Amino acid sequence: EDKFPEVWADLSFRLADAMLKRADSAVDPQDAPKLLTRSIEVFGSTLIMVTRETNPQRWALTQHSLGKAHHHLSNFFPAEEAVPQLFRAISHLKDALEVRTKETSISDWTETTFQFGRALRVRGSREKGEEALGWLRLSETAFTKASEYYTLQNQPERGAELQQAMSDVLYR
């Protein structure tokens, strides 16, 4: 770990990413939260070795992945208990967007912006009244930004997902 921090960080990230992907396809629903929790722990250890200063793109990718993992994990909690996971997801995705800009990589920026919008939408759907509207407006803004790149013409699958997510926000 001390001799080859870049290699260790890369292996750590790959392990965490594999657990995150495995959680999406877990046959036993009880496996997914365990895989997501472990994935979050390992992504966190990756951030000990990879900082924004030493490797900004890897740091941002790890922040993005942490945001996705916390967002997915929030689905396994009742509304009130999911809030801390959603706040963590939003925070990590927001941090990733500081590095993943349109100028550095339009596709990375769009994906993180889309994930950010999804986490904001879920946060808004768990609230009522004005607070819900505030979160949903932020989500709508993120989706509108992501729609600059995720269109049905250039990214059909993601474009369709984005349109569905946007309609969910507008319908609420």
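Just above, that's the structure.
None of these values were measured; they are calculated from a predicted model.

A. Summary view of the overall build of the protein. Looking only at helices and strands, the protein features seven helices and zero strands. Along the protein, helices (α) and strands (β) appear in the sequence α-α-α-α-α-α-α when read from the amino end. Against the 2.2 N^0.38 benchmark of 16 Å for 172 residues, the protein shows a C-alpha radius of gyration of 16 Å, consistent with a compact globule. Considered along the principal axes of its C-alpha atoms, the protein spans approximately 55 × 40 × 30 Å.

B. View of the environment of D10. Relative to the helices and strands, D10 is located in helix 1 (residues 5–24). The sequence separation of D10 and R58 amounts to 48 residues, and the corresponding C-alpha distance is 8.9 Å.

C. Spatial organisation of a nonpolar patch on the surface. Taken together, the side chains of F4, V7 and L11 present a nonpolar region at the surface, about 310 Å² in accessible area. Within the secondary structure layout, L11 lies in helix 1.

D. Highlighting the pattern of salt bridges. The full count for this structure, using the stated rule, is 12 salt bridges. Between E111 and R158 there is a salt bridge, with the nearest N and O atoms lying 2.6 Å from each other. With E111 in helix 5 (residues 106–125) and R158 in helix 7 (residues 156–171), this residue pair connects regions lying 47 residues apart in the sequence. Judged by relative accessible area, which is 14%, E111 ranks as buried. One salt bridge in this structure joins R123 and E131, with 3.8 Å as the shortest N-O distance. Look at the salt bridges and you will find they share partners, linking E111, R118, R158 and E161 into a network.

E. Summary view of the side chain of S39. Summarising the element assignment, S39 is placed in helix 2 (residues 31–49). Not counting residues up to four positions away in its chain, the partners in contact with S39 are A16, M19, L20 and A69.

F. View of the packing of aromatic side chains. Applying the stated criterion across every chain yields a total of five aromatic pairs. Centroid distance F13 to F43: 5.4 Å. Interplanar angle 55 degrees. Geometry classified as tilted. Remark: F43 occurs in helix 2 and F13 occurs in helix 1; sequence separation between them is 30 residues. Across the pair, exposure class does not vary: F13 and F43 are buried alike. Each ring, one from F114 and one from Y150, has its centre 5.8 Å from the other, and the planes form 85 degrees; the classification is edge-to-face. One end of the pair, F114, is in helix 5; the other, Y150, is in the loop between helix 6 (129–146) and helix 7, with 36 residues separating them in the sequence. Aromatic rings pair up to connect F114, F143, Y149 and Y150 into one cluster. R58 extends its terminal NZ or CZ atom over the ring of F13, reaching a point 4.6 Å from the ring centre.

G. Summary view of the environment of P84. As for its position among the elements, P84 is in helix 4 (residues 79–99). Along the backbone, P84 and S74 are 10 residues apart, and their C-alpha atoms lie at a distance of 8.2 Å.

H. Quick peek at the environment of T62. By the element assignment, T62 lies in helix 3 (residues 56–74). Considering only alpha carbons, one finds T62 and I40, 22 residues apart in sequence, at a separation of 9.9 Å. At 2.8 Å, the side chain of T62 forms a polar contact with the backbone oxygen of R58.

What counts, and where the lines are drawn
- Residues numbered from 1 in each chain as written.
- Predicted model: local features only at pLDDT ≥ 70, side-chain atom pairs only at ≥ 80, totals over all residues.
- Heavy atoms only, no water.
- Helix = DSSP H or I, 4+ residues; strand = E, 2+ residues; numbered from the N terminus.
- Rg over C-alpha atoms; globule rule 2.2 N^0.38 Å.
- Patch = residues over 30% accessible without salt bridge, like charges linked within 9 Å, V, L, I, M, F, W, Y side chains within 5 Å.
- Areas by Shrake-Rupley, 256 points an atom, 1.4 Å probe, with all protein chains shown as cover.
- Salt bridge = Lys/Arg side-chain N within 4 Å of Asp/Glu carboxyl O.
- Buried < 20%, exposed > 50% of the residue type's maximum accessible area, 1.4 Å probe, protein only.
- Contact = heavy atoms within 4.5 Å.
- Phe/Tyr/Trp six-rings, centres within 6.5 Å; stacked < 30°, edge-to-face > 60°.
- Lys NZ or Arg CZ within 6 Å of the ring centre and 35° of its normal.
- Polar contact = N/O pair within 3.5 Å; in protein donor to acceptor, adjacent residues only side chain to side chain.

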